[in-house]
Amino acid sequence: MSTDLTGTATPQDLVAVFRRVLEREDVTADSDFFDLGGDSLVATRVLSAVARAHGVELTFDDFLLAPTPARLAHRIAAAA
């Protein structure tokens, strides 16, 4: 995952985060975090990684509305 702090994140950046926190290699840009076994506690790890790498603080509600890497990348861009 790139560390650019510009508020941009590609779906592939977030696929890498999802794979790391879920410990699964079958994540794609359209994979739903919760369908893959993620829960609210693990979601906080994704949100922390986004904040560190991209300088964007998203809420858990943001994550609920965008639980796939592709949708989360759009949410990050909108919040930047």
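Bear in mind the structure is a predicted one, so any value in this text is a computation, not a measurement.

Thresholds, definitions, all that
- Residues numbered from 1 in each chain as written.
- Predicted model: local features only at pLDDT ≥ 70, side-chain atom pairs only at ≥ 80, totals over all residues.
- Heavy atoms only, no water.
- Helix = DSSP H or I, 4+ residues; strand = E, 2+ residues; numbered from the N terminus.
- Rg over C-alpha atoms; globule rule 2.2 N^0.38 Å.
- Buried < 20%, exposed > 50% of the residue type's maximum accessible area, 1.4 Å probe, protein only.
- Contact = heavy atoms within 4.5 Å.
- Areas by Shrake-Rupley, 256 points an atom, 1.4 Å probe, with all protein chains shown as cover.
- Lys, Arg positive; Asp, Glu negative; His and termini not counted.
- Charge placed at Lys NZ, Arg CZ, Asp CG, Glu CD.
- Core = buried A, V, L, I, M, F, W, Y, C linked by side-chain atoms within 4.5 Å.
- Phe/Tyr/Trp six-rings, centres within 6.5 Å; stacked < 30°, edge-to-face > 60°.

1. Side note on the overall build of the chain
Move 1: The secondary structure content of the chain amounts to 4 helices and 0 strands.
Move 2: For the chain, whose C-alpha radius of gyration is 11 Å, the value lies close to the compact-globule estimate of 12 Å for 80 residues.
Move 3: Over its C-alpha atoms, taken along the principal directions, the chain stretches across nearly 30 × 25 × 20 Å.
Move 4: Per-residue burial over the chain gives 44% buried out of 80 residues.
Move 5: Counting contacts in the chain only where the partners sit at least 6 residues apart, residues at least 24 apart contribute 57% of the total.
Move 6: Only carbon and sulfur atoms are counted for the fraction: they give 52% of the accessible area of the chain, which is about 4300 Å².
Move 7: Treating the 7 positive side-chain charges of the chain as one cloud and the 12 negative ones as another, the clouds have centres 2 Å apart.

2. A look at the nonpolar core
Among soluble globular proteins, nonpolar side chains are generally buried collectively.
Move 1: In terms of nonpolar packing, the biggest core is built from 23 residues, with Phe 18, Phe 33, Val 46, Phe 63, Leu 72 and Ile 76 touching the most fellow members.
Move 2: If we skip the residues at most four places from it in the chain, Phe 33 touches Phe 18, Val 21, Leu 22, Gly 38, Asp 39, Val 42, Ala 43, Val 46, Phe 63 and Pro 67.

3. Points about the packing of aromatic side chains
Move 1: What the rule picks out here adds up to 6 aromatic pairs.
Move 2: Each ring, one from Phe 33 and one from Phe 63, has its centre 4.9 Å from the other, and the planes form 85°; the classification is edge-to-face. Of this pair, Phe 33 sits in the loop between helix 1 (11-22) and helix 2 (40-54) while Phe 63 sits in helix 3 (residues 60-65), and the two are 30 residues apart along the sequence. Exposure class is identical for Phe 33 and Phe 63. Each is buried.
Move 3: Taken together, a centroid distance of 5.8 Å and an interplanar angle of 80° make the contact between Phe 34 and Phe 63 edge-to-face. Of this pair, Phe 34 sits in the loop between helix 1 and helix 2 while Phe 63 is found in helix 3, placing the two residues 29 residues apart along the sequence.

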